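Commentary on secondary and tertiary structure
Take a look at the letters that make up each chain.
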Amino acid sequence: MTRGTSVAARIHRSTIIVDTHADTPQRFVDEQFDLADPLNGGHVNLESIRKSHLGAEFFSIWVPPKRFKGQYARRTLELIDSVHRQVARHSGNVILATSPSGIEEAHRTHKFAALMGIEGGHSIENSLALLRQYYALGVRYMTLTWANSNDWADSSGDIHNPRVRHTRRGLTAFGEQVVLEMNRLGMMVDISHVSDRTFYRALKVSRAPVIASHSGARALCDHPRNMTDDMLRAVGKCGGPGSKGGVAQVNFFSGFVSQEYYDAWKALKPKVDKVVAERQARAKAGGRELTSARRERIERCFADTIPRPPLSALIDHIDHIAQVAGVGHVGLGSDFDGVGGQLPEGLDSAADLPKITAALLDRGYSTEDCRRILGGNLLRVFREVGAVSRTVHAESRSV
Ligand SMILES: [Zn+2]
């Protein structure tokens, strides 16, 4: 046990720790997973939350665009419902939080704050009314796109695909309205997953600072899902005059953390695709479809053969963003339950979060810096987004 480990334990007992991305709602709906269950291959449950003193989790409301074509709103509502039901079922330990003060209240009363963020603007089906209703149900951020471009914003996942129609400026006029409506509502604008052009456009349009709910540094792992140093600096400075800037929450996925891991996966990919195609053909011949769960299992088998990156590789991303954007502009966006089990060494569930804190302390980060990275920065941005919302409301009353 290093000095860092015992100090980290103390910090975790007293700090509000916020993680901005976990895909657990997929498990709630598809596997009838309950937060009181054993992890059973997942990353987040009540026990792991208790062990690390995780204070707040933004549960991701993610609708796979192909699988739910034509049913985006329905699936979005089912996922939101699953979070509400977990909160109701565990009301002694969990509350639904929709504001920074809600998170603080949970911390004071020793409860866990469940929040929600929508991952992918396709969920709103091009309707500001849907966006408003999701807000009313408690959603407090929206990632403008997932890996698929939608009618009004472009994704890093298909920006080079000539068969996909893209916007001219990163956001269409409607896309700009979406961002402004999010500002008005007090919903955080999340730029993880978007194309670089959409990123810059969103920062220009948004009156409030933005977040990257689960992205790393491209200088360390050259993946389009990660952010260049210029983008990181821009996040640090965004939000307009008087703003203290946004925050980049580091993704733990091995493929975004480590260049070696990412290169190894790219080398494996043709083989993976071949096996998937064979299984698909076999399923089709038998009059069936290859389910996405089956496909994920195949991918996971291959991914599991790649050595896990060391935990230090993840700390490097936090360190890098702190250097480039400032220690006030970095946080944690684990992507727990959304990465096919591919996490750096030593990180097996939410229970292992104190290891990150210990590593930061060992690198010379102060207790105060750690508190900011673990949640303080996100809370500040969340508060500022609320203040911008109040300003916009006041303006509309005065005209
Ligand atoms: Zn994602």
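Numbers given for residues are sequential positions, taken from 1 along each chain in its written order. A pLDDT threshold of at least 70 governs which residues receive local features in this predicted model, and a stricter bar of 80 or more applies before side-chain atom pairs are shown or counted, although totals over entire chains, interfaces and linings include all residues. In computing side-chain properties, one takes all heavy atoms of the structure into account and sets aside hydrogens as well as water.

**Re the overall build of the protein**
The test is simple: Only DSSP runs of H or I covering at least 4 residues are called helices, and only runs of E covering at least 2 are called strands; the numbering of each starts at the N terminus. The quantity called the radius of gyration is restricted to C-alpha atoms. Its globule counterpart is 2.2 Å times the number of residues to the power 0.38. Only protein chains enter the accessibility calculation, which uses a 1.4 Å probe; a residue whose area is less than 20% of its type maximum is buried, one above 50% is exposed, and one in between is partly exposed.
Helix and strand counts for the protein stand at 15 helices and 9 strands. Its C-alpha atoms give the protein a radius of gyration of 20 Å, within 12% of the compact-globule value 21 Å for 399 residues. With respect to the principal axes defined by its C-alpha atoms, the protein has extents near 65 × 60 × 45 Å. Split into buried and exposed, the 399 residues of the protein put 58% on the buried side.

**Regarding the pattern of salt bridges**
Under the convention used in this document: Salt bridges are identified by distance alone: a Lys or Arg side-chain nitrogen within 4 Å of an Asp or Glu carboxyl oxygen.
For the coordinates displayed, the defined rule picks out 24 salt bridges. The shortest N-O distance in the salt bridge between Glu299 and Arg295 comes to 3.5 Å. Taken together, the residues span about one helical turn, with Glu299 and Arg295 both in helix α12 (residues 292-303) at a distance of 4 residues. Looking at Glu299, the relative accessible area reads 24%, which means it is partly exposed. With a closest N to O distance of 4.0 Å, Arg371 and Glu368 form a salt bridge. Within this pair, Arg371 and its partner Glu368 are both found in helix α15 (residues 367-398), separated by 3 residues, close to a single helical turn. Through salt bridges that share partners, Asp30, Arg67 and Arg75 make up one connected network.

**Topic: the packing of helix α9 (residues 229-237) against helix α13 (residues 311-324)**
Formally: Axes, fitted as lines to C-alpha atoms, cover a helix only where it is in contact. Angles between the N-to-C directions of the axes lie from 0 to 180 degrees. The handedness criterion is simple: a crossing whose near helix is rotated anticlockwise from the far helix by less than a right angle is left-handed, and one whose near helix is rotated clockwise is right-handed. For this analysis, residues touch if any pair of their heavy atoms sits within 4.5 Å. Three residue categories are used. Nonpolar comprises Ala, Val, Leu, Ile, Met, Phe, Trp, Tyr, Cys and Pro, charged comprises Asp, Glu, Lys and Arg, and polar comprises the others, including Gly.
At a minimum axis separation of 9 Å, α9 and α13 run at an interaxial angle of 65°. For the pair α9 and α13, the crossing hand works out as right-handed. Contacts between α9 and α13 pair Asp229, Leu232 and Arg233 from the former with His320, Ile321 and Val324 from the latter. Taken together, the residues of the contact of α9 with α13 sort by class into 3 nonpolar, 1 polar and 2 charged.

**Some details on the coordination of the zinc ion**
We apply this condition: Listed donors are limited to N, O and S atoms within 2.8 Å of the metal, widened to 3.2 Å for Na, K and Ca; water is not among them, so incomplete-looking sites are possible.
Protein coordination at the zinc ion: the donors are Glu119 (OE), His193 (NE2) and His214 (NE2), at 1.9 to 2.2 Å from the metal. In primary sequence terms, the donor set of the zinc ion follows E-x73-H-x20-H. Within this pair, whereas Glu119 is found in strand β4 (residues 112-119), its partner His214 is found in the loop between β7 (211-212) and α9, the two being separated by 95 residues in sequence. This pair shows no difference in class: Glu119 is buried, exactly as His214 is.

**Re α9**
Cut-off, in case you're wondering: In this context, the arc is that of the directions from the helix axis out to the C-beta atoms.
For α9, the full list of buried residues reads Met231, Leu232, Val235 and Gly236. The buried residues of α9 all sit within an arc of 145° when viewed along its axis, so they share a single face. Each element contacted by the buried residues of α9 is listed here: α8 (196-205), β8 (247-250) and α13. Looking one or two residues past α9, Gly239 carries a phi angle of roughly 105°, positive in sign.

**Focus on the pairing of β8**
Operational definition: One bridge is not enough; two strands pair if DSSP finds at least two bridges between them. Here a crossover is taken to be right-handed if, once the strands point away from the viewer, the path from the first strand over the helix to the second is traced clockwise.
Because side chains alternate across β8, one face comprises the buried residues Val247 and Gln249, and the other comprises Ala248 and Val250, equally buried. The pairing of β7 with β8 spans 2 bridges and is parallel. By the bridge assignment for β8, Ile211 is matched with Val247. Traced from β7 through α9 to β8, the parallel crossover comes out right-handed. The sheet contact formed by β8 and strand β9 (residues 330-332) spans 3 bridges and is parallel. By the bridge assignment, Val250 is partnered in β9 with Leu332.

**Some details on α13**
The cut-off we apply is this: Expected helix span is taken as 1.5 Å per residue step, with the number of steps being one fewer than the number of residues.
Here α13 spans 20 Å end to end across 14 residues, near enough to the 20 Å set by a 1.5 Å rise per residue. Burial analysis of α13 places 11 of its 14 residues in the buried class, the great majority of the element. Here α13 has its buried residues at Leu311, Ala313, Leu314, Ile315, His317, Ile318, Asp319, His320, Ile321, Ala322 and Val324. Those residues of α13 hidden inside the fold are in contact with α9, β8, α10 (254-257), β9, α14 (353-362) and α15. A positive backbone phi angle near 110° is found at Gly326, which sits one or two residues after α13.

**With respect to the environment of Ala113**
The residue Ala113 is located in strand β4 in this model. For Ala113, a relative accessible area of 0% translates into the label buried. Once the C-alpha coordinates of Ala113 and Ser99 are considered, the two residues, 14 residues apart in sequence, prove to be 10 Å apart. If we skip the residues at most four places from it in the chain, Ala113 touches Gly55, Ala56, Glu57, Ile95, Ala97, Ile103 and Ala106.

**Describing the nonpolar core**
Soluble, globular proteins show a tendency: their nonpolar side chains are buried together. This is how the line gets drawn: Nonpolar cores are built from buried Ala, Val, Leu, Ile, Met, Phe, Trp, Tyr and Cys residues. Side-chain atoms within 4.5 Å join them into one set.
Counting 90 residues, the largest nonpolar core has Leu144, Ile191 and Ile356 as its most contacted members. For this core, the element with the highest residue contribution is α13, accounting for 8 residues.

**Considerations on the pairing of strand β5 (residues 139-143)**
Of all 5 residues in β5, 5 are buried; the element is thus mostly enclosed. The pairing of β4 with β5 spans 4 bridges and is parallel. By the bridge assignment for β5, Glu119 is matched with Thr143. A crossover connection joins β4 to the parallel β5 through helix α6 (residues 128-136); in handedness this β-α-β unit is right-handed. As defined by bridge partners, β5 adjoins strand β6 (residues 188-190) across 3 bridges and the pair is classed as parallel. Looking across to β6, one finds that Thr143 is bridged to Asp190. Read from β5 through helix α7 (residues 173-185) to β6, the crossover connection turns out right-handed.

Fair warning: the whole summary comes from geometry, so function is off the table for now.
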